[in-house]
Amino acid sequence: MKSRLIGMGLLLLWSLPSFGDSSILPMRERAIKINQILDDRLQNLLPQLMRREGIDMWVLISREYNEDPVLKTMLPANWLSARRRTILVLFDPGQGKPIERLAVARYAVDSLFKKSWNKEQQPNQWDSLVKLIQEKGPKTVAINKSKHFALADGITATEYEEFNEALSKQEAIDLVSSEKLAIAWLETRSKMEMQVYPELIQLGHKVIAEAFSNKVIKPGVTTTDDVVWWLREKVKDLRLQAWFHPSVSLQRSSLEKFDHLKAFSEGTKARVIMPGDLLHTDFGMTYLRLNSDQQQHAYVLKEGETDAPEFLKKALKNANRLQDIFTANFKEGRTGNEVLQMSRKEAISEGIKPSIYTHPIGYHGHAAGTTLGMWDSQGGVPVQGDYPLHYDTAYSIELNAATFIPEWNKEIRIMLEEEAFFDKSGVNYLDGRQTEFHLIKSQ
């Protein structure tokens, strides 16, 4: 850290962390970027989504520290939470006019939402909201209430009851669920977001590559748990956040059989990494409000080996082939369950034993949108799996292919997860995918 005196103040010039070609923005520049992206989404993306879903007024309500997940994505970077009771109103006046962004709140929400409540003139916040609705005269008033999509169910029971009570005192105003609009807002990625999203994914790949190297792992000494905590420290060193605790597990030539549940629970217990082990990690970070979720494998070379055994490389190819089958079946309007069924049938016909559990990603790691299988629901997922695919959405292409290894006399799983973007051109990985194992030398 360097410093120099300017007048009576001290200006601190931090040496910002970088990782290869990816530089991580300092906090002030991150805030600027986040607000630019948010303003662009509100101006250019939101009108399309509101008109697509037939909603001309969207009301989002939160109290401080109990934020609606959708409302939280609309707060500027310098607002880390709602303040008091924050009510955001988004109104589409139609006729090509811009969306009106209003805050029935004690404070204006930066420059993004104009303050429309004067407590001194109208003490009751709910009455002020109802009056605003009457003045605008929307055909529908949508709130974030949903039975099946948690991220679209952000209004609390108390806020819902009080809002309803305030409405009942006036002429009838019917509330409708904003479910499809809320999902659309969360799942749709803007052009500005897609300019920065690949940088996060590339950074994640570089962190995993370092974790799965002799810089971190000394076979016979290092444990899987050591690597897990190295990943946590690395994220902190980069001044980022891990949105879930990473895992590092292993498969090896032994009598132990693979169990998916144990692989992500008991399988994460500390085990000493040895030559001949097949390592796996599940790792994700948050940057500029976007999330990564990545799974890759490494092989620990035995003495005299220079590459992974052919039987393991064949297993990896099976998983890559499953990725190809799966992503080729993405089509706008097709449901997650349809894609799952088609992909499993095709993979099985090719002799691959598939398990597909892909989810949307963006503002949340396990985000709102089309669910394409769960590891314990390979026959389809009710409701969330029936939701159709839309263009300009991002997914964690998460799956595994099981392959019987005669040399180990057991079945292993190659578990892969990579971020991809779905648009009119198809499904495209944001920074490629793993087609070769990371290699760790035995000494």
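Structure's up top.
Residues numbered from 1 in each chain as written. Predicted model: local features only at pLDDT ≥ 70, side-chain atom pairs only at ≥ 80, totals over all residues. Heavy atoms only, no water.

Draft legend 1. Broad picture of the overall build of the chain. Along its length, the chain carries 10 helices and 21 strands. Its C-alpha atoms give the chain a radius of gyration of 25 Å, near enough to 22 Å, the size a compact globule of 443 residues would have. Taking the principal axes of its C-alpha atoms as reference, the chain extends roughly 80 × 65 × 35 Å. The buried share of the chain, reckoned over its 443 residues, is 53%. For the chain, the share of sequence-separated contacts (at least 6 apart) that also reach a separation of at least 24 residues comes to 68%. (Helix = DSSP H or I, 4+ residues; strand = E, 2+ residues; numbered from the N terminus. Rg over C-alpha atoms; globule rule 2.2 N^0.38 Å. Buried < 20%, exposed > 50% of the residue type's maximum accessible area, 1.4 Å probe, protein only. Contact = heavy atoms within 4.5 Å.)

Draft legend 2. View of the pattern of salt bridges. Following the criterion strictly, the structure yields 19 salt bridges and no others. Between Glu159 and Arg85 there is a salt bridge, with its nearest N and O atoms 2.8 Å apart. Of this pair, Glu159 sits in helix α4 (residues 157-168) while Arg85 sits in strand β6 (residues 85-91), placing them 74 residues apart in sequence. The exposure class of Arg85 is buried, given its relative accessible area of 18%. (Salt bridge = Lys/Arg side-chain N within 4 Å of Asp/Glu carboxyl O.)

Draft legend 3. Focus on helix α3 (residues 125-136). Helix length check: α3, at 12 residues, gives a terminal C-alpha distance of 17 Å against a target of 16 Å (1.5 Å per residue), a fit within 8%. Of the positions making up α3, those classed as buried are Gln125, Trp126, Ser128, Leu129, Val130, Leu132 and Ile133. Structurally, the start of α3 carries an N-cap: the backbone nitrogen of Trp126 is 2.9 Å from a side-chain oxygen of Asn124. Among the residues trailing α3, Gly137 stands out with phi positive, at a value near 60°. (Expected span 1.5 Å × (residues − 1). Polar contact = N/O pair within 3.5 Å; in protein donor to acceptor, adjacent residues only side chain to side chain.)

Draft legend 4. Inspection of the packing of aromatic side chains at higher detail. Enumeration according to the criterion identifies eight aromatic pairs in this entry. With a centroid separation of 6.0 Å and 70° between ring planes, the pair formed by Phe311 and Trp408 is classed as edge-to-face. Residue Phe311 is found in helix α9 (residues 310-328), and its partner Trp408 is found in the loop between β18 (393-405) and β19 (410-423); the two are separated by 97 residues along the sequence. Residue classification places Trp408 among the buried residues on the basis of a relative accessible area of 9%. With a centroid separation of 5.2 Å and 50° between ring planes, the pair formed by Tyr391 and Phe422 is classed as tilted. Of this pair, Tyr391 sits in the loop between β17 (359-360) and β18 while Phe422 sits in strand β19, placing them 31 residues apart in sequence. Judged by relative accessible area, Tyr391 falls into the partly exposed class, the value being 25%. (Phe/Tyr/Trp six-rings, centres within 6.5 Å; stacked < 30°, edge-to-face > 60°.)

Draft legend 5. How the structure looks around the sheet that holds strand β7 (residues 100-104). In spatial order, the strands read β8-β7-β6-β5-β9-β10; together these six strands make up an open sheet with mixed pairing. The open sheet has two edge strands with one neighbour each: β8 (114-115) and β10 (175-177). Looking at chain direction, strand β9 (residues 141-143) and β10 are connected through three bridges and run parallel. Counterpart to Ile143 in the pairing with β10 is Ser177. Running at roughly 130° to strand β5 (residues 57-63), α4 makes contact with β5, β6, β9 and β10 of the sheet. (Pairing = 2+ DSSP bridges. Axes fitted to C-alpha atoms, helices over the stretch in contact; angles between N-to-C directions.)

Draft legend 6. Focus on the packing of helix α6 (residues 191-211) against helix α7 (residues 224-237). Where α6 contacts α7, the axes come no closer than 10 Å and their chain directions differ by 140°. Between α6 and α7, the interaxial angle falls into the category oblique. Considering how the two elements wind past one another, α6 and α7 form a crossing that is right-handed. Where α6 approaches α7, its residues Val207, Glu210 and Ala211 are matched on the opposing element by Val227, Trp230, Leu231 and Lys234. Across the contact of α6 with α7, the residue classes tally to five nonpolar, no polar and two charged. (Parallel < 35°, antiparallel > 145°, perpendicular 65-115°, else oblique. Left-handed = near helix turned anticlockwise from the far one by under 90°. Nonpolar A, V, L, I, M, F, W, Y, C, P; charged D, E, K, R; others polar.)

Draft legend 7. Fine view of the nonpolar core. Tyr197, Phe212, Ile217, Leu240 and Leu279 are the most contacted members of the largest nonpolar core, which has 38 residues in total. Sorting the residues of this core by element identifies α1 (27-52), α6, α7, β11 (247-251), β12 (278-283) and β15 (294-300) as the ones contributing at least two each. Top element by residues in this core is α6. It accounts for nine residues. Setting aside chain neighbours within four positions, we find Tyr197 in contact with Arg189, Leu290, Asn291, Ile361, Gly362, Ala394 and Leu430. Core analysis: the second largest hydrophobic core is formed by 36 residues, Trp58, Ala142, Leu186 and Ala368 among them. (Core = buried A, V, L, I, M, F, W, Y, C linked by side-chain atoms within 4.5 Å.)

Draft legend 8. View of the environment of Ala184. On the secondary structure map, Ala184 appears in helix α5 (residues 179-187). Classification of Ala184 as buried rests on a relative accessible area of 0%. When the C-alpha positions of Ala184 and Leu49 are compared, they lie 6.7 Å apart, and in sequence the two are 135 residues distant. Discounting residues that sit within four places of it in the chain, Ala184 has contacts with Leu49, Arg52 and Tyr387.

Draft legend 9. Layout of the side chain of Gln434. Looking at the element boundaries, Gln434 is found in the loop between β20 (426-429) and β21 (438-440). The class for Gln434 is buried, based on a relative accessible area of 4%. Of the polar contacts made by the side chain of Gln434, one reaches the backbone oxygen of His297; its length is 2.7 Å. Here Glu436 takes part through its backbone oxygen, which lies 3.0 Å from a polar atom of the side chain of Gln434. Sequence-distant contacts of Gln434, defined by excluding residues within four places in its chain, comprise Gln296, His297, Leu316, Asn320, Leu416 and Glu418.

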